[in-house]
Amino acid sequence: MILVTGISGGLGGLVFQGLSELDDVRVTGGTRTGDGVSARRVDFDDPRSLPAAFEDVDVLLVVSAGYAEDDVVFARHAAAADAAAQAGVRHLIYTSLASSGESMTIALPHRWSEERFAAGPFTTTILRNGLYPDLPVALATATAATSADDVLAAPFGAGRLSVVVRQDLADVAVRVAAESERDLAAGKLSRHADRVYELEGDTALGGAEIAQILTEELGRPIAYRPASLTETRAALAGSSLEPYQITHALSLYSNVIAGRAEATRSDLPQLLRTAPRSVRAAVAEAVARNRG
Ligand SMILES: NC(=O)c1ccc[n+]([C@@H]2O[C@H](COP(=O)([O-])OP(=O)(O)OC[C@H]3O[C@@H](n4cnc5c(N)ncnc54)[C@H](OP(=O)(O)O)[C@@H]3O)[C@@H](O)[C@H]2O)c1
C-alpha cells in the first residue's frame, strides 16, 4: 500500500486524488488530524502518531513539511525517517527542492532531509520539485506595501525564477509512487530506487513577465519597478509573514537578482506523460486568488 502524507495540502491532495483514480494500487492518505476513514493521523511533530500510520505501508510518499524554522523541519523529517524504518517501509519518496533553488536558504533543510532519508534502510526516490508559479505572485503581494496601484515594485532585478505547475509535479509523483508499488508487488526493487529527479519547469518569470500578466488580468497597465532588498526587507517586516519566511523570501529574491534561480536541466519531460501545463494560467489563478 502507498501512503501519501499532507493530503490536506495543495500538492499532497493532488497526488492522493491521482493515485485514488488508479484501480491496481491501494492508497491511503495522511493528515495531521486524521479522520479514521480515508486519512490516517500523520503528524511529524508528534512521532507517536507515526507507527500506527505507517503500518502495512510499502511505499511512503513524504510531502515535505517545510513551513517552520529549519530545526523544526529537521526534527519532523527525522521522525518520519525513523518511523518509516521501524514500520518496514520498503520505498520512500520525498518531495524536495530543485537545483535552481540550490543557493537559497530553503535548500538546506531539503538537502539535509534527502540525506537523512537516503540513509534508509528503505530505498528512496527524491523528487526535486521546482517552485510553484503562485510563489512569486504571493511574494510580490506581500511586498505590495511599497507598490502604487499601477506599479509592481519587487526585488527581482533583471533576473527570473524558474517555475512549474503543481499538477505537473503531482502527475510525476503519482507515476513514481504507482510504478514503485507495482514493482514491489512483483517482487522487484522500485525502478525509481536511488534516483534523484530534477523537476524544473521550462518557464521562468521575472518582474516584467509578472507585471504583464497582472496588466492583462487586472485590465489596467501595471509597470514593473525593481525594488531594493533594503526596502523589501522593511516592507516584509510589516507583512503577515513569519520571521523565518522573511529570511527565505529575501534569500529567494537575492538569488533571482543574482541570476541564480533559473533551471539548467530538467527530468520533467521524460517523466510527464503530457505536455507541461501553462504557467500563465496558474499565475492568472494566483492573481485572482490574491485579489479575492
Ligand atoms: N515548490 C514550491 O514552490 C513550494 C512552495 C512552498 C512550500 N513548498 C514545500 O512543499 C510542500 C508541499 O507544498 P503544498 O503546496 O502542498 O503545501 P501546503 O498546501 O501548505 O501543504 C502542506 C501539507 O503539509 C502538512 N504538514 C504540515 N506540517 C506537518 C506536520 N508536522 N506533520 C505532517 N504533515 C504536516 C500540512 O498539513 P495541515 O493541512 O494539517 O497543515 C499540509 O497538508 C510544503 O509543505 C513545503 O514544504 C514548496
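Refer to the structure printed above.
These remarks concern the structure in this document.

What to know about the packing of helix 3 (residues 70-87) against helix 4 (residues 107-118)
- Orientation of helix 3 relative to helix 4, taken along the N-to-C sense of each, is 20°, at an axis distance of 10 Å. Considered as vectors, helix 3 and helix 4 are oriented roughly parallel to each other. When the axes of helix 3 and helix 4 are compared, the crossing they make is right-handed. Listed contacts from helix 4 to Asp-70, Val-73, Phe-74, His-77, Ala-78, Ala-80, Ala-81 and Asp-82 of helix 3 are Leu-108, Pro-109, Trp-112, Ser-113, Arg-116 and Phe-117.
- Partitioning the contact of helix 3 with helix 4 into residue classes produces nine nonpolar, two polar and three charged.

Some thoughts on the environment of Thr-230
- For Thr-230, the location among the structural elements is in helix 8 (residues 229-237).
- Along the backbone, Thr-230 and Arg-289 are 59 residues apart, and their C-alpha atoms lie at a distance of 28 Å.

Observations concerning helix 4
- Compared with the 16 Å implied by 1.5 Å per residue over 12 residues, the 16 Å span of helix 4 between its first and last C-alpha is a close match.
- Those residues of helix 4 that are buried are in contact with strand 4 (59-62), helix 3, strand 5 (91-97) and strand 6 (123-129).
- Just downstream of helix 4, Gly-120 is the residue with a positive phi angle, here 70°.

A word on the environment of Thr-124
- Summarising the element assignment, Thr-124 is placed in strand 6.
- By relative accessible area, Thr-124 is classed as buried at 7%.
- C-alpha separation for the pair Thr-124 and Glu-114, spaced 10 residues apart in sequence, amounts to 8.9 Å.
- Apart from the residues lying within four places of it in its own chain, the contact partners of Thr-124 are His-91, Leu-92, Phe-117, Ala-118, His-192, Ala-193, Asp-194 and Arg-195.

Structural notes on the sheet that holds strand 5
- Read across the open sheet, the seven strands follow the order 3-2-1-4-5-6-9; overall the sheet is parallel. Each having just a single partner strand, strand 3 (39-41) and strand 9 (195-199) make up the two edges of the open sheet. Averaged over all adjacent pairs, the angle separating strand axes in this sheet is 20°, with direction ignored.
- Looking at chain direction, strand 4 and strand 5 are connected through four bridges and run parallel. Looking at strand 5, one finds that Val-62 is bridged to Tyr-94.
- Along the sheet face, helix 1 (residues 10-20) touches strand 1 (2-4), strand 2 (27-31), strand 4, strand 5 and strand 6 and points at about 160° away from the line of strand 2.
- Against the sheet, helix 4 touches strand 4, strand 5 and strand 6, its axis set at about 165° to strand 5.

Observations concerning the site of the ligand
- Taken together, 20 residues sit near the ligand, with Ser-8, Leu-11, Arg-32, Ser-64 and Tyr-132 positioned nearest.
- Residue Arg-166 places a side-chain N or O atom 3.1 Å away from an oxygen atom belonging to the ligand.
- Calculation on the ligand without its partners gives an accessible area of 890 Å², and the protein chains cover 80% of this total.

Details of the pattern of salt bridges
- Applying the stated criterion across every chain, the model contains 22 salt bridges.
- When the shortest N-O distance is used, the salt bridge between Arg-111 and Glu-114 registers 2.9 Å. With Arg-111 and Glu-114 both in helix 4 and three residues apart, this pair spans about one turn of that helix. Across the pair, exposure class does not vary: Arg-111 and Glu-114 are buried alike.
- Across the pair Arg-128 and Glu-114 runs a salt bridge whose closest N-O atoms are separated by 2.9 Å. In this pair, Arg-128 sits in strand 6 while Glu-114 sits in helix 4, placing the two residues 14 residues apart along the sequence.
- The buried category is assigned to Arg-128, whose relative accessible area is 14%.
- Within this structure, Glu-102, Arg-111, Glu-114, Arg-128 and Glu-198 form a network of salt bridges that share partners.

Observations concerning the packing of aromatic side chains
- Enumeration over the complete set of coordinates arrives at three aromatic pairs.
- Pairing Tyr-94 with Phe-117 gives two aromatic rings, centres 5.1 Å apart and planes at 45°, and the pair type is tilted. With Tyr-94 in strand 5 and Phe-117 in helix 4, the pair connects residues that are 23 residues apart, well separated along the chain.
- For Tyr-94, a relative accessible area of 1% puts it in the buried group.
- Here the guanidinium or amino end of Arg-166 rests over the ring plane of Tyr-132, the centre of that ring lying 3.9 Å away.

Scoring rules and cut-offs
- Residues numbered from 1 in each chain as written.
- Predicted model: local features only at pLDDT ≥ 70, side-chain atom pairs only at ≥ 80, totals over all residues.
- Heavy atoms only, no water.
- Axes fitted to C-alpha atoms, helices over the stretch in contact; angles between N-to-C directions.
- Helix = DSSP H or I, 4+ residues; strand = E, 2+ residues; numbered from the N terminus.
- Parallel < 35°, antiparallel > 145°, perpendicular 65-115°, else oblique.
- Left-handed = near helix turned anticlockwise from the far one by under 90°.
- Contact = heavy atoms within 4.5 Å.
- Nonpolar A, V, L, I, M, F, W, Y, C, P; charged D, E, K, R; others polar.
- Expected span 1.5 Å × (residues − 1).
- Buried < 20%, exposed > 50% of the residue type's maximum accessible area, 1.4 Å probe, protein only.
- Pairing = 2+ DSSP bridges.
- Near = heavy atom within 4 Å.
- Polar contact = N/O pair within 3.5 Å; in protein donor to acceptor, adjacent residues only side chain to side chain.
- Areas by Shrake-Rupley, 256 points an atom, 1.4 Å probe, with all protein chains shown as cover.
- Salt bridge = Lys/Arg side-chain N within 4 Å of Asp/Glu carboxyl O.
- Phe/Tyr/Trp six-rings, centres within 6.5 Å; stacked < 30°, edge-to-face > 60°.
- Lys NZ or Arg CZ within 6 Å of the ring centre and 35° of its normal.

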